[in-house]
Each structure stands twice: as structure tokens, then as C-alpha cells.
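Structure at a glance
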Amino acid sequence: MSPAPADAAPPEPGAARDLPADFLWGTAISAHQSEGGNVNSDSWLLEHVSPSAYAEPSGDACDSYHRYGEDIALAAELGFNCHRLGIEWARIEPEPGVFSVAALDHYARVLEACHAHGLKPMVTFNHFTVPRWFAARGGFEEADSPALFARFAERAAAALGDRMAYATTFNEANIPLLIRLMRGGRAGPRIAAMVAAAAHASGSPRFSSMLFADPDAITPNLIKAHALAYEAIKAGPGDVPVGLTLTMQHIEAVGENSLADTVRSAIYGDWWAQARTHSDFIGVQTYTRMRIDAKGLVRPPEGAEMTAAGYEFRPQALGETIRLAARETGKPVYVTESGIATDDDARRIAFIDQALAQVRACMDEGIAVKSFIQWSLLDNFEWTKGYGEHFGLVAVDAETFARTPKPSARHLGRIARANRL
């Protein structure tokens with residue numbers, strides 16, 4: 001936590017607060033979820049084997065691989081100054097040790113388009129997906145996997161580093177730990193059958209993807225991979241702040257003898273220590289809360305509003321996770337994802353306003369909050385849920401790919417332009 005300057009009295013409650021000129025307002029997208037046609041990735045294979053845990057394949061997604069210019073121009077027109085995006089490892093290194101100059105050139109053009117429209121690009125090096133060859137050799141279960149990820153990061157940073165404004169290694173680096181909690185400690189038979197089918201299709205004895213692997217097997221290597229990639233990106237070119245993003249749902253204790261502290265430790269593991277030594281900032285990604293009693297996870301309260309993703313409407317959770325991240329790491333806090341799945345855009349606007357009230361409260365307390373990035377710019381592919389959940393500020397026609405901003409897009413854009421909370 002960063003204390004407020006001694007000579008700067010906090011604004012009166014309810015008074016508008018002018019934010020620093022370098023505060024980042026933006027939206028996020030990921031490569032696989034928006035680009036389409038990511039045929040060399042592990043996810044593409046998992047989406048197409050039988051059985052599959054995916055409701056539908058990603059297909060063309062939002063065709064952002066070709067329409068990135070339209071997306072970036074739209075984000076700028078809405079009033080944002082930051083664009084969080086991913087680069088796809090499976091495109092850049094489609095076979096082991098074989099790097100695509102064309103793919104790196106493509107991402108260079110994407111970053112140049114961001115700068116041309118006044119958007120600072122925040123680049124995520126891994127947003128869950130890996131090359132198919134990497135998954136087929138054991139993914140992050142293999143001892144040499146950190147070195148392979150660092151090799152990719154080094155090559156990508158060498159080509160793109162001077163065009164990046166910010167970088168993060170893994171999106172939600174602790175996601176395997178959260179998934180284990182949500183699944184009750186074990187993957188179901190359908191997931192096991194899907195992974196086995198992918199291994200068979202790959203001609204490999206096993207197939208290991210981040211979203212479906214044993215957290216105990218991959219987390220130590222993910223931690224090493226982050227540290228090596230951090231050093232590779234920091235080596236330049238460019239002088240890029242490199243952060244670590246975590247999935248951070250507020251863990252709330254319920255009743256006596258709550259296991260909240262145990263669950264919190266299980267979800268974050270050794271990532272706090274890693275953030276303290278190998279990150280320039282901590283990325284907070286919060287959507288809801290998780291209530292924990294003496295037996296574990298409990299349902300939301302009776303009558304609680306639920307989102308289309310099946311979790312509680314709880315924007316207040318963001319304030320608690322910002323405070324936790326600042327306290328645990330001592331690093332500047334960037335809200336790198338906040339959002340809601342809903343088809344009622346009025347509820348999205350309400351969620352945004354209540355989440356921003358939490359950002360304001362944390363800043364009033366002296367916490368160095370540096371950004372608010374909404375998930376997502378576009379209604380895109382939501383992993384095993386397919387296209388049925390809509391997080392976007394902008395609707396996308398599945399046939400024509402036409403982009404249509406929702407009222408929430410204009411609403412958040414007006415706040416961003418004013419740069420006041």
C-alpha cells in the first residue's frame with residue numbers, strides 16, 4: 001500500500017476526484033478468444049475432439065486477426081487510452097523452435113495501430129492457450145517448460161518490445177488453483193475423456209493444457225516460467241513495465257471456523273512471493289466473491305442477483321481484492337480485468353459504476369491504483385461456454401462480424417474521457 005502524500009488531503013466523500021493524467025482506461029481482449037482460426041493451439045484441438053467439454057468451437061471468433069484495425073479505432077473512438085491484448089504463442093512458434101516472422105510482423109502492426117490511435121498497448125504473452133506441440137509433449141508439466149516459454153518470450157520481446165507500453169506474462173497465472181477449487185478438487189470424466197482424445201489425436205501418450213492440468217504438477221513450472229519470461233522481456237528492447245496478473249475473487253468468511261484463510265492460501269499459493277520479486281505491478285482480475293464456511297464453498301445468499309455466467313453480481317468484491325493485492329505485494333495495482341456477463345446492458349452499467357466506486361475508495365485510502373480495464377471490448381469466445389455469455393461492451397454479429405457498441409461502451413468511455421471518479 002502506498003500512503004497518500006502528507007500534504008494532500010483526500011477528497012470529501014462523494015466529491016469528484018481528478019485522476020492522474022497517466023491513469024489507464026481501457027478494455028481487454030485475448031488472442032484466441034477474438035482472433036479466430038487459431039488452428040495450431042491446444043484449445044483448437046480440444047474444441048474439435050470427441051468428446052469435448054466445449055459447448056462449441058471458437059471458429060472465426062470475432063475475426064480480430066484481420067479486423068484489429070477496426071477494433072483499435074473503435075476503442076480509441078470510445079474514449080480509452082489503453083488496449084490490453086494478447087499475442088498468440090501458437091502463431092508465433094507453430095512448431096518447436098520454428099518462429100514465424102510473418103506472425104511477429106502482424107503483431108508489430110497491431111501494436112503500431114494502437115500507438116497511431118493513442119492507445120497504450122498492454123501485451124499479454126499467454127492467455128491460457130499454448131501451441132499444440134507444447135501440450136502434446138506434456139505442457140507445463142515438463143521440467144524444461146519454463147525454458148521453452150522463456151525462449152518464446154525472448155523472441156517475441158526482441159521483435160515487439162519497443163512497441164509495447166506494458167506487458168504481462170500469464171493471464172491469471174493462478175487460474176489452475178482456482179479451477180481446482182471450483183471443480184471440487186478433481187476434473188470430471190468428460191474433461192478426462194476430452195484430454196485423452198486430444199492425446200490420441202496428437203499421437204502422444206499425454207496432452208496437458210493449462211485449464212485442465214493438475215495444478216500441483218504445473219504451478220511450480222508456471223512460477224519458474226514467469227520469472228524467466230519476466231527477465232527476458234525486461235532485457236528489451238524497450239523499457240517495459242512487466243506485471244503479473246492473478247484471478248482474485250474476494251474470499252469472504254461465513255460463520256465460525258471458516259476455511260477462508262485456507263482457501264485464500266490455496267488459490268494464491270506462492271504467487272504473492274513471486275510478485276514481490278518478479279513484477280513491476282500486480283494485475284487484479286475480479287468478477288465476484290466466494291463465500292467460504294467451515295466446510296468450504298457455499299452458495300450465494302438467498303435472493304442474490306446472479307450474472308449470466310452463473311456467479312453472484314458483486315462489484316464490491318473489487319475493492320477487497322485491490323486492498324489484498326496492495327497489502328501482499330507492495331506493488332502498484334492495475335485493474336486488468338473487471339466485468340460482467342449479461343444481456344441486460346443496464347446491469348453492466350450498474351456493475352461498472354459500482355466497481356469504479358471501489359477503485360475510488362481504494363485510491364482515497366492511498367492505494368496506488370493505476371488502471372481500470374474492462375473485460376471485454378467484444379462479445380467473444382468464452383472458452384468451454386462458447387458464445388453464450390456476453391461480457392463485451394461491443395456486440396459482434398456472428399455472420400457479418402459487424403461491431404455495435406452498447407450503451408455501456410459509451411458510458412464507460414465518457415468516464416474515461418473525463419478521467420474523474
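Anyway, here's the lowdown on the structure attached to this text. (Residues numbered from 1 in each chain as written. Predicted model: local features only at pLDDT ≥ 70, side-chain atom pairs only at ≥ 80, totals over all residues. Heavy atoms only, no water.)

**Details of the side chain of Ser-30**
Structurally, Ser-30 is set in the loop between strand S1 (24-28) and helix H1 (31-35). Among the residues examined, Ser-30 registers a relative accessible area of 1% and is labelled buried. Here Gln-33 takes part through its side chain, which lies 2.8 Å from a polar atom of the side chain of Ser-30. (Helix = DSSP H or I, 4+ residues; strand = E, 2+ residues; numbered from the N terminus. Buried < 20%, exposed > 50% of the residue type's maximum accessible area, 1.4 Å probe, protein only. Polar contact = N/O pair within 3.5 Å; in protein donor to acceptor, adjacent residues only side chain to side chain.)

**Considerations on the packing of helix H14 (residues 345-364) against helix H15 (residues 407-418)**
At a minimum axis distance of 8 Å, the contact between H14 and H15 shows a crossing angle of 25 degrees. Here H15 runs roughly parallel to H14, going by the angle between their axes. For the element pair H14 and H15, the recorded crossing hand is right-handed. When H14 is examined against H15, the residues Asp-345, Arg-348, Ile-349, Ile-352, Asp-353 and Leu-356 are found in contact with a partner set consisting of Pro-407, Ser-408, His-411, Leu-412 and Ile-415. In the contact of H14 with H15, the residues fall into 6 nonpolar, 2 polar and 3 charged. (Axes fitted to C-alpha atoms, helices over the stretch in contact; angles between N-to-C directions. Parallel < 35°, antiparallel > 145°, perpendicular 65-115°, else oblique. Left-handed = near helix turned anticlockwise from the far one by under 90°. Contact = heavy atoms within 4.5 Å. Nonpolar A, V, L, I, M, F, W, Y, C, P; charged D, E, K, R; others polar.)

**Overview of the pairing of strand S3 (residues 120-126)**
Where burial is concerned, most of S3 is hidden: 6 out of the 7 residues are buried. As paired elements, strand S2 (residues 82-86) and S3 share 5 bridges and run parallel to each other. Considered in S3, the bridge of Leu-85 is made with Val-123. (Pairing = 2+ DSSP bridges.)

**Details of the packing of aromatic side chains**
Applying the stated criterion across every chain, the model contains 26 aromatic pairs. Aromatic side chains Tyr-166 and Phe-281 sit 6.3 Å apart centroid to centroid with 85 degrees between the ring planes, which places their arrangement in the edge-to-face category. You can see Tyr-166 sitting in strand S4 (residues 166-170) and its partner Phe-281 sitting in strand S7 (residues 281-286), a full 115 residues away along the chain. Taking the relative accessible area as the measure of exposure, Tyr-166 reaches 11% and is therefore buried. On the basis of an interplanar angle of 55 degrees and a centroid distance of 5.7 Å, the ring pair of Tyr-166 and Tyr-334 is categorised as tilted. Of this pair, Tyr-166 sits in strand S4 while Tyr-334 sits in strand S10 (residues 333-338), and the two are 168 residues apart along the sequence. For the pair shown, Tyr-166 and Tyr-334 are each scored as buried. (Phe/Tyr/Trp six-rings, centres within 6.5 Å; stacked < 30°, edge-to-face > 60°.)

**Notes on the sheet that holds strand S9 (residues 297-298)**
One open sheet accounts for 3 strands, arranged S6-S8-S9; its pairing is mixed. At either margin of the open sheet sits one strand with a lone partner, and together these are strand S6 (250-253) and S9. Sheet topology places strand S8 (residues 289-292) next to S9; 2 bridges connect them, and they run antiparallel. For Arg-291, the partnering residue across the bridge sits in S9 and is Val-298. Contacts from helix H11 (residues 260-268) reach S6 and S8, with the element oriented near 160 degrees to S6.

**What to know about H15**
Taking 1.5 Å per residue as the helical rise, H15 with its 12 residues ought to reach 16 Å, and the 17 Å between its terminal C-alpha atoms agrees with that figure. Taken residue by residue, H15 has Ser-408, Ala-409, His-411, Leu-412, Gly-413, Ile-415 and Ala-416 as its buried positions. In this structure, the buried residues of H15 make contact with S1, helix H3 (64-78), H14, strand S11 (369-375) and strand S13 (403-405). Once H15 ends, the next one or two residues include Asn-419, with phi positive near 55 degrees. (Expected span 1.5 Å × (residues − 1).)

**Some words on the nonpolar core**
Counting residues in each nonpolar core, the largest one holds 119 residues, and the members touching the most others are Trp-25, Phe-125, Phe-140, Val-359 and Phe-372. If you look at the next biggest cluster of nonpolar residues, it comprises 15 residues, including Ala-28, Met-122, Tyr-166 and Trp-375. (Core = buried A, V, L, I, M, F, W, Y, C linked by side-chain atoms within 4.5 Å.)

**Observations regarding the layout of surface pockets**
Estimates place the volume of the largest pocket at around 1200 Å³. Lining the largest pocket we find 37 residues, and of these Leu-178, Met-182, Ala-309, Tyr-311 and Lys-385 sit closest to its centre. Listed by contribution, the elements that provide at least two residues to the lining of the largest pocket are helix H8 (175-182), S8 and S9. The biggest single contributor to the lining of the largest pocket is H8, with 4 residues. Here the lining of the largest pocket is composed, by residue class, of 19 nonpolar, 8 polar and 10 charged. (1 Å grid on protein atoms, 1.4 Å probe; cavity = no way out; pocket = protein on both sides within 12 Å on 5 of 7 lines; lining within 4 Å. Points joined across faces, edges and corners; volume = space filled by probe spheres on them.)

**Remarks on the pairing of S10**
In terms of burial, S10 is largely enclosed, as 6 of its 6 residues are buried. Relative to S10, S7 runs parallel, the two being bridged by 5 bridges. If you follow Gln-285 over to S10, its bridge partner there is Glu-337. For the handedness criterion, the β-α-β arrangement of S10, H14 and S11 is classed as right-handed. (Right-handed = clockwise from strand over helix to strand, strands pointing away.)

**A few points about the sheet that holds S1**
The 8 strands are arranged S1-S2-S3-S4-S5-S7-S10-S11 in a closed barrel whose pairing can be described as parallel. Looking at each pair of strands side by side, their axes are set apart by 25 degrees on average, direction ignored. The pairing of S1 with S11 spans 5 bridges and is classified as parallel. Across the sheet, Thr-27 pairs through a bridge with Gln-374, a residue of S11.

As far as function goes, none of this settles anything; it's purely spatial.
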